[in-house]
Each structure stands twice: as structure tokens, then as C-alpha cells.
Amino acid sequence: MGNADQFACAERRKYQRSAIFSAWFGCVAEQLLDSNSLIIIYLIALGGNESFSMFSTSLSALCGIFLVIPCAGLANKIGLRLSYSISCYVSCGAFLLMAAAPTLVPAGYAKYLVIASCMVYCLMRFPYSVAWYPMLDMILTPEERGGFFGRMRFSYILINAGFIYAIGKLLGNNPSIIVMQFIIAFAGLMALGRKICMDRMPDNPEVKQNKLDIKKALNISIRNTPLVGFSFYICFFGIATASIMPLAVIYMKTRLNFTAETIMTITSLYMVGQITGYALTGVAMRKLGIRYFQITMHTIFVIGAGCIMMIRPETAHSNVYMAILAWMLGIGGSFSLCLNSTEMLACAKPGNKIMASAFCQTLTNLGTAIGRTGTTLILAAGVLMPDWKFFGIPMTCYNFLFMFYFFMTLFFYTLLIISPSVISKHDDYYEP
């Protein structure tokens, strides 16, 4: 019997609603940072350059490499409720500090305080995330996972897409720092709503009953072939794809010369793509099966990187093309997140849920960090020519990077063979 089977259907639905409401509140701040547009515009307004702005997008993943597994041990020691409560309170404070940065320090140093606040917020994402999945395991049967993650992410992205679109309208062509400060502060306060909703969900007794021996639990995870296979696939996939959308935002701002309103509108269309993807996830997983769902997700990113690679400053209607591609990448991003969540729970052995999810999240963050930090270092070092020609066609350094992502994503099709959804037989635990 699974953990969720102890609750009646009506109870599970009630707890699932609380989980969805918590996502609505908490993901306002998450999407503001992860969608990158407002933070990048804010940093540029405070004097940050393109590499500085790109670095801000890699902070969460960099922190995750080192903190997810220790946070799993911390959550086991202090309990899931205290773990996510600390996360919510400190996250709120970090966003308020980020908003207040221009008024707290001299103008030239405000960008550093914003980056430091982003770092604090990123640090606090992991005490929350290591508690989140074991709590979801209490209210979701295997059959409910795909549909739940699709509904949850569909609803919160729908809310956030409207929020991001409204931000674009508020910012206009000449964004005001005061308006950006207000929006960032509002996003931070919403993190407190996450805690209130999560307090209504049941705790996971396994965490208290099974004291976590990190070394032993990690060894169990490392010997779990389906978990390791999927984690390494998603790690390399992140190296190839994590920088595509953040770099596209910087490209639109610095070389395509789109206005702030246009960039925010395109970002909102990225979220509309996520809404579309989340709405389709449950049906797509059932119709295609996990194997072909994963292949479809991978293919979307191959096409997206290849098409952005061909958009140049002189390309006519480039804003329309970028909007379409942002929408398509949003679908791919939603498919990727839902696949990650469902496969993480499917591969985790009973009694080892915290460490299994921490192991998978660590590899996921490693891929994202390598991809985005690598891009940051390339931009900062200036090793690429700003303008060059490819078979006589004028290109920029951004086009070269998108070309690099395209070929990497294409090559990493080969890693599908180590994913549990593709391997037909399993000698280890796997419950899709």
C-alpha cells in the first residue's frame, strides 16, 4: 500500500487543492526569478551588464548542487513543516531586500545587493523542495501524479502569465525602478501564502520514523539504476537547454533592441506555452506513454534552439518569430518539469523518498548550473566575436551560442537509452 492510499479520495482531493493553492502563492516569486525578464531588466537598470544579468539566472542551480542533499538531512532532523516554514519566511525577506536595494545602498552597489538577495532566495528554495515531494507522496497515488502535476502547474502558470503580462504593461517602454521595486516586494509577500496552504497538508510520518543516514540513503540512491539513469539524462539535457530562454531575453534586450514591454509580452507568451503544455500533460502522458512523451519534449527543444539560432538583428518580424518560439519552448519547459516530477517519484524507493528526490534534484541543478554558468563565463570573457559571418551570412555571438545549444541537444538524443522510460525491463524499483 502506498502512502496516499490511507486517505479517502475526498481527503486526497482536499489536500491536493491545498497543494495547488500553495503553488499559486509561492510560484509568483519563483516565476519572477525563473522567467528572468524582470530581474534582468532590473539589474540592467541598476548598472549590471549582460554577463552579470546572465549570472543571476544560474544562482538557483548553483546553490542546488551543494545544498539539496544537506537540506534533505536537515529536513529529516527538524521535520518537514519547520523546513518549509523557514524557507518561506526567509524567501519573503530576501525579495523585500531585493526590492529595497536601490534605497538601502549607493547606486553603484545596488546591483550587488540584488544579486546577494537572489542568492539568499535561491538558498531557501531547497529546504522547501526537499519537503515538498515527500508531502506530495502522502496525497498522490501513482495514477494521479501526471494529472495532478499538469493541473497544478497549468493553474499557477495561468495566474503567473497574467501577472507577467500585466508587469509588461506597467513597465511600458521606459520602465520605472519604483514600479519594479513594488512588483518584487509583492512577489516576496506572496511566499507567506505558500506556508499557510502547506500547513493544511498532512505531514509525512516516514520522515520522523526513519532517521536519515545520509551516506546510507545516498548509497541506496546511487545503486538505484532507473533513478541514476534518469538523473544523468536530465542533467545533460539541462546543460544543453537551460540557457536558451534566459539568453534569448538578453539577446532581445541588447542586440534585437526590443522594448521592455515587448520583452515582457514575449515572456508572458512563454508562460502561455507553459499553460498549454500543462493542460496537455495528463492527456499526452496517457496517450503517448512516458517514453514517447519524453522524446516529444526533447524534440521541442531541438527545434526551438535551431530556430532561434537563425534569427538575426536584421530579420524582419523577429519579434513575431521570437514570440512563437517562446510559446513553443514554454510547452517544452512544462513537459520537462512534469516529466522530472513524475519520474522522480516513480524511481524513488519506498523509505528513501527524501534522498531520491534530493539526488535527482542535485543532478538537475548541476546541469542547469553548468549550462548557465558556462554561458555567463563565455559572455564575460568576451572570447566570441560580437559579429561574424557563417557562409557569408552575418551572425552575432548569440547566434553562435544558440547554434551550440542546438547541436548539443541534438547529440543528447543518445542519452535517452539510459532513461527508465526507454529501457523496457527494470531489475530495480520503478513504479510509473
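Rules behind the numbers
Residues numbered from 1 in each chain as written. Predicted model: local features only at pLDDT ≥ 70, side-chain atom pairs only at ≥ 80, totals over all residues. Heavy atoms only, no water. Pairing = 2+ DSSP bridges. Helix = DSSP H or I, 4+ residues; strand = E, 2+ residues; numbered from the N terminus. Salt bridge = Lys/Arg side-chain N within 4 Å of Asp/Glu carboxyl O. Buried < 20%, exposed > 50% of the residue type's maximum accessible area, 1.4 Å probe, protein only. Core = buried A, V, L, I, M, F, W, Y, C linked by side-chain atoms within 4.5 Å. Contact = heavy atoms within 4.5 Å.

S.K.: Which parts of the structure should I look at to understand the pairing of strand S1 (residues 387–390)?
M.R.: Regular strands show a simple pattern: their side chains alternate between the two faces of the sheet. Examined bridge by bridge, S1 and strand S2 (residues 393–396) share four bridges and lie antiparallel to one another. Bridged to Asp 387 within S2 is Thr 396.

S.K.: Just to check I follow, could you spell out the pattern of salt bridges for this structure?
M.R.: Opposite charge on two side chains makes pairing possible when the charged atoms of those side chains draw close. Overall, the coordinates contain two salt bridges when judged by the stated rule. Glu 144 is the salt-bridge partner of Arg 12, the closest N and O atoms lying 3.1 Å from each other. Here Glu 144 lies in the loop between helix H6 (110–137) and helix H7 (145–171) and Arg 12 lies in helix H1 (residues 9–34), a separation of 132 residues in the sequence. What makes Glu 144 partly exposed here is its relative accessible area of 22%.

S.K.: Hey, could you run me through the nonpolar core in this one?
M.R.: Ranked by size, the top nonpolar core spans 138 residues in total, and within it Leu 136 and Phe 402 carry the most contacts. Per-element tally for this core: the top contributor is helix H13 (residues 260–309), with 19 residues. Every residue in contact with Phe 402, bar those within four places of it in the chain, is listed here: Ile 244, Leu 247, Ala 248, Tyr 251, Ala 305, Ile 308 and Met 309.

S.K.: Would you take a moment to explain unusual backbone geometry for this structure?
M.R.: Where the residue is not glycine, phi is negative for most of them; where a peptide bond is considered, it is trans in most cases. A positive phi angle is found at Asn 257, which is not glycine, with a value near 60°. Within the secondary structure, Asn 257 is located in the loop between helix H12 (244–254) and H13. With a relative accessible area of 58%, Asn 257 lands in the exposed category. Phi at His 317 is positive, roughly 55°, even though this residue is not glycine. Here His 317 shows up in the loop between H13 and helix H14 (318–347).

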